[in-house]
Amino acid sequence: MMDSRSTSPGRTPESGLARVIELAGVRLAFGLDWHPVARPDHPRPEMRQARGAGYRLVAHLPDGGLLGLARGLDAGRRAYSGVALLVTRFAERGAEACLIAAPAAGVAGERVAFVGLMDRRPVPGFDRLVPALDAALTVLREFREMHPDQEVRVASHLPGRDRLGEALVPEMLFGQPDGDARLKPLLPARWPAALAGGIAVLGMAGGFAMWLRHERALERTAVDLARQSATAAAARAAAAADRTRRLGQLLEAAGRPGS
């Protein structure tokens with residue numbers, strides 16, 4: 001059962017609303033609710049359940065094993081999942097933490113995105129956008145405490161501040177993002193059937209139009225043939241009348257026959 005409270009400890013009542021920042025000219029969404037998929041090649045049951053739970057946007061990890069869900073975005077209508085791009089272009093193995101600072105879209109000041117990964121998957125509750133670096137450092141401490149037996153790989157993009165761990169290059173991580181990382185609308189369950197019905201109706205309408213054009217073409221052909229036949233018959237009648245008239249003139253010119 002999909003319940004954001006079970007996967008994201010400490011979330012606010014606005015749980016499910018993804019936050020957006022912009023880096024390298026790309027709008028990135030953080031704060032998705034990540035849920036497992038029983039069959040990565042057939043995620044429809046989980047997507048249908050998510051739609052019923054009120055989610056309206058979905059992003060996929062490269063292996064299809066998790067769905068990133070959101071009820072909406074706090075700014076704009078289109079964005080890419082920052083987590084999905086980090087998994088594709090940064091993640092390796094083990095525990096990893098990324099801190100990414102950028103101005104928030106439509107909001108004054110700077111926010112810091114914190115992403116915690118374990119074996120190339122987001123750790124529940126650690127896809128967050130927090131209001132300042134101090135808050136992000138607190139989340140990093142929580143993440144390390146959750147993995148006491150792991151050496152956490154840390155990387156950051158903090159313009160104008162001391163770097164934490166490895167340097168992240170936004171242009172390489174987020175520039176020209178893959179289409180699979182984009183948040184897409186969660187369509188209603190009946191949408192495929194409605195689409196198929198619409199296609200069928202359009203097909204029937206197209207077939208009727210073609211049939212109607214064919215019938216009209218046959219009618220035009222029949223009218224043309226009838227017109228040509230009438231013209232030919234009139235020409236033959238006129239020629240016959242002309243021959244009869246000429247024959248009469250010849251007989252008159254020959255005079256009366258002798259005895």
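These figures come from a predicted structure and were not determined experimentally.

Just checking my understanding: could you explain the packing of aromatic side chains for this structure?
Any two aromatic rings considered together are summarised by their centre-to-centre distance and by the angle between their planes. One pass over the structure, following the stated rule, counts three aromatic pairs. Each residue in the set F114, F126 and F143 is aromatic and connected to the rest through ring pairs, giving one cluster. Across from the ring centre of F90, 4.0 Å away, lies the NZ or CZ of R153, which sits over that ring.

Teacher, can you tell me more about the pattern of salt bridges here?
Pairing is possible between side chains of opposite charge, provided their charged atoms come close. The tally for this structure, following the rule as stated, stands at eight salt bridges. Between R153 and E96 there is a salt bridge, with the nearest N and O atoms lying 2.6 Å from each other. Highlighted residues: R153 in strand β11 (residues 153–157) and E96 in strand β8 (residues 95–103), separated in sequence by 57 residues. Taking relative accessible area as the criterion, R153 reaches 19% and is therefore assigned buried. Linking E142 and R128 is a salt bridge whose minimum nitrogen-to-oxygen distance equals 3.6 Å. Taken as a pair, E142 in helix α4 (residues 133–146) and R128 in strand β10 (residues 122–130) lie far apart in primary sequence, 14 residues in all. One connected set of salt bridges, linked through shared partners, spans E92, E96, R153 and E166.

I'm lost on the sheet that holds β10 in this one. Help?
Strand-to-strand pairing in sheets goes through backbone hydrogen bonds, with the strands running parallel or antiparallel. Pairing within the open sheet is mixed, and its five strands lie in the order β10-β9-β8-β11-β12. With one partner strand each, in any of the chains shown, β10 and β12 (166–167) form the two edges of the open sheet. The pairing of β8 with β11 spans five bridges and is classified as parallel. Its bridge partner lying in β11, C98 is registered against A155. Along the sheet face, helix α3 (residues 82–89) touches β8, β9 (110–118) and β10 and points at about 50° away from the line of β9. Taken strand by strand, α4 contacts β8, β9, β10 and β11, and its axis lies near 170° from that of β10.

Would you mind showing me how to read the sheet that holds strand β5 (residues 66–70) here?
Read across the open sheet, the four strands follow the order β3-β5-β4-β13; overall the sheet is antiparallel. Since the sheet does not close on itself, it has two edges, and those belong to β3 (33–36) and β13 (184–185), each with one partner. Relative to β13, strand β4 (residues 57–60) runs antiparallel, the two sharing two bridges. Bridge pairing links V58 to K184 in β13. Contacts from helix α2 (residues 44–52) reach β3, β4 and β5, with the element oriented near 20° to β5.

Thresholds applied
- Residues numbered from 1 in each chain as written.
- Predicted model: local features only at pLDDT ≥ 70, side-chain atom pairs only at ≥ 80, totals over all residues.
- Heavy atoms only, no water.
- Phe/Tyr/Trp six-rings, centres within 6.5 Å; stacked < 30°, edge-to-face > 60°.
- Lys NZ or Arg CZ within 6 Å of the ring centre and 35° of its normal.
- Salt bridge = Lys/Arg side-chain N within 4 Å of Asp/Glu carboxyl O.
- Helix = DSSP H or I, 4+ residues; strand = E, 2+ residues; numbered from the N terminus.
- Buried < 20%, exposed > 50% of the residue type's maximum accessible area, 1.4 Å probe, protein only.
- Pairing = 2+ DSSP bridges.
- Contact = heavy atoms within 4.5 Å.
- Axes fitted to C-alpha atoms, helices over the stretch in contact; angles between N-to-C directions.

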